[in-house]
Amino acid sequence: MMAYSEDHIALAAEYALGTLDADERAQVETMMSVDKDFTALVEAWERKLGVLNQMVGSVEPRAEVWEKIKAAVGLAEAQLPLQLPQAPAPLAATEVAAPDAAADTSNVVEFSRQIRRWRGIARVTSALAAALIALIAVQVTRPDLLPEGLRPKAPPPRIVQVQAPASATPAQYVALLQKDSASPAFILTVDAATKNFTVRKVGATPETGKSFELWLVSDKLQRPRSLGVIGSNDFTSRQALASYDSDTVNKATYAVTTEPEGGSPTGAPTGPIVFTGKLIETVPAPAQPPR
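First, a word on scope: everything that follows refers to the structure included in this document. Remember, it's a predicted structure, so these values are computed and weren't measured experimentally.

Rules of the game
Residues numbered from 1 in each chain as written. Predicted model: local features only at pLDDT ≥ 70, side-chain atom pairs only at ≥ 80, totals over all residues. Heavy atoms only, no water. Core = buried A, V, L, I, M, F, W, Y, C linked by side-chain atoms within 4.5 Å. Buried < 20%, exposed > 50% of the residue type's maximum accessible area, 1.4 Å probe, protein only. Helix = DSSP H or I, 4+ residues; strand = E, 2+ residues; numbered from the N terminus. Contact = heavy atoms within 4.5 Å. Salt bridge = Lys/Arg side-chain N within 4 Å of Asp/Glu carboxyl O. Axes fitted to C-alpha atoms, helices over the stretch in contact; angles between N-to-C directions. Parallel < 35°, antiparallel > 145°, perpendicular 65-115°, else oblique. Nonpolar A, V, L, I, M, F, W, Y, C, P; charged D, E, K, R; others polar. Pairing = 2+ DSSP bridges. Patch = residues over 30% accessible without salt bridge, like charges linked within 9 Å, V, L, I, M, F, W, Y side chains within 5 Å. Areas by Shrake-Rupley, 256 points an atom, 1.4 Å probe, with all protein chains shown as cover. Phe/Tyr/Trp six-rings, centres within 6.5 Å; stacked < 30°, edge-to-face > 60°. Lys NZ or Arg CZ within 6 Å of the ring centre and 35° of its normal.

1. Describing the nonpolar core
Logical step 1: Among the nonpolar cores identified, the biggest contains 26 residues, and Phe-186, Leu-188, Leu-214 and Tyr-254 are the most heavily contacted of them.
Logical step 2: Within the residue set of this core, elements represented by two or more residues are strand E1 (172-178), strand E2 (184-191), strand E3 (197-201), strand E4 (210-217), strand E7 (253-260) and strand E8 (273-278).
Logical step 3: Per-element accounting of this core gives the leading share, four residues, to E2.
Logical step 4: Each residue touching Tyr-254, except ones within four places of it in the same chain, is listed here: Leu-177, Leu-188, Leu-214, Trp-215, Leu-216, Leu-227, Leu-241, Val-249, Phe-275, Thr-276, Gly-277 and Leu-279.
Logical step 5: Counting 14 residues, the second-largest nonpolar core is a separate cluster that includes Tyr-4, Ala-13, Val-28 and Phe-38.

Given below as structure tokens:
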């Protein structure tokens with residue numbers, strides 16, 4: 001939309017308010033017929049004033065409510081009348097030189113028009129201010145008198161998001177079960193929290209008709225305890241350490257023996273020990289928060 005002068009804006013506002021004389025209304029309607037942007041300016045003023053009319057026109061508070069409204073907005077005492085600037089009296093014809101008479105008269109007429117437009121703007125501004133004050137006062141004192149769409153709404157509930165603490169990674173222990181440093185056979189991984197363990201086959205190949213069996217060897221136990229046969233797949237998982245305390249699990253020696261297919265028939269090692277190893281901590285336990 002193009003930029004308009006204050007005079008054009010005042011004309012549009014007074015046209016929407018209905019305070020122009022016949023000539024000025026004809027001027028505005030002529031401009032609206034040839035300038036769509038000016039038409040949009042007039043319609044914008046009509047929408048603003050129309051909304052205010054809808055807001056306050058259908059509400060008629062009782063007399064005692066008006067007294068409360070006046071007290072709330074500080075209008076309980078008598079108000080001074082609005083003083084508007086007076087237009088200077090036009091120059092007398094005898095005081096104007098004959099050659100410049102036409103020019104001076106046009107200046108006086110133009111100045112008078114500007115005074116009327118500023119008076120119209122003052123009336124529009126006063127109407128807007130009064131309507132807003134009345135609306136705010138009614139919203140504060142008697143919101144039930146307002147239409148549903150104009151009643152103050154309760155603030156929306158505040159949603160607070162709480163970040164859940166990240167789950168702490170439990171400590172992890174690993175043992176390399178081997179015959180010597182150059183011949184790793186199995187990798188044993190133990191979860192310190194659950195005591196579940198997983199055996200991964202690396203380089204061991206069982207003999208035909210034989211099975212590898214894993215044993216827990218500790219000075220706290222009278223004899224080695226079987227942790228089960230290591231399966232033929234690459235990974236074997238067990239929960240056989242759940243009945244042992246953490247100190248025994250972490251400090252024990254883990255041994256692999258060669259047993260008959262399916263494991264030792266006696267519950268004790270019967271074949272030779274072919275691979276051994278001890279656990280080392282690879283993932284530390286989470287630090288405890290200070291108290």
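On we go.
2. Here's the deal with the pattern of salt bridges
A side chain with one charge may pair with a side chain of the opposite charge, provided their charged atoms come close.
Logical step 1: Counted according to the given criterion, the structure contains two salt bridges.
Logical step 2: Close ionic contact of Lys-220 with Asp-247 constitutes a salt bridge, the shortest N to O distance being 2.4 Å. Linking Lys-220 in the loop between E4 and strand E5 (225-229) with Asp-247 in helix H6 (residues 246-251), this pair joins segments that are 27 residues apart in sequence.
Logical step 3: For Asp-247, a relative accessible area of 30% translates into the label partly exposed.
Logical step 4: Of the charged contacts in the structure, one is a salt bridge between Lys-251 and Asp-247, with a shortest N-O distance of 3.2 Å. With a gap of four residues between them, Lys-251 and Asp-247 both fall in helix H6, about one helical turn apart.

3. Topic: the packing of helix H1 (residues 6-17) against helix H2 (residues 22-34)
Logical step 1: At a minimum axis separation of 10 Å, H1 and H2 run at an interaxial angle of 110°. One way to sum up the angle between H1 and H2 is to call them roughly perpendicular. Between H1, through His-8, Leu-11 and Tyr-15, and H2, the contact on the second element is made entirely by Arg-25, Gln-27, Val-28, Glu-29, Met-31 and Met-32.
Logical step 2: Taken together, the residues of the contact of H1 with H2 sort by class into five nonpolar, two polar and two charged.

4. Details of the pairing of E7
Logical step 1: Taking burial as the measure, the eight residues of E7 include six buried ones, the bulk of the element.
Logical step 2: Here E4 pairs with E7 via eight bridges, running antiparallel. By the bridge assignment for E7, Val-217 is matched with Thr-253.
Logical step 3: Alignment of E7 against E8, held across five bridges, turns out to be antiparallel. Following the sheet pairing, Tyr-254 is matched in E8 by Gly-277.

5. Quick look at a nonpolar patch on the surface
Logical step 1: On the surface, Leu-132, Ile-136 and Val-140 cluster together into a nonpolar patch covering about 300 Å² of accessible area.
Logical step 2: Mapping Ile-136 onto the fold places it in helix H5 (residues 101-141).

6. A closer look at the packing of aromatic side chains
Logical step 1: Inspection of every chain in the model, using the stated rule, returns four aromatic pairs.
Logical step 2: Summarising the aromatic geometry, the rings of Phe-186 and Phe-275 are spaced 5.9 Å apart at their centres and angled 75° between planes, so their arrangement reads as edge-to-face. You can see Phe-186 sitting in strand E2 and its partner Phe-275 sitting in strand E8, a full 89 residues away along the chain.
Logical step 3: For Phe-186, a relative accessible area of 1% puts it in the buried group.
Logical step 4: For Phe-275, a relative accessible area of 12% corresponds to the buried category.
Logical step 5: Aromatic ring contacts, followed pair by pair, group Phe-186, Phe-212 and Phe-275 into a single cluster.
Logical step 6: Just above the ring of Trp-45 sits the side chain of Lys-48; from NZ or CZ to the centre is 5.1 Å.

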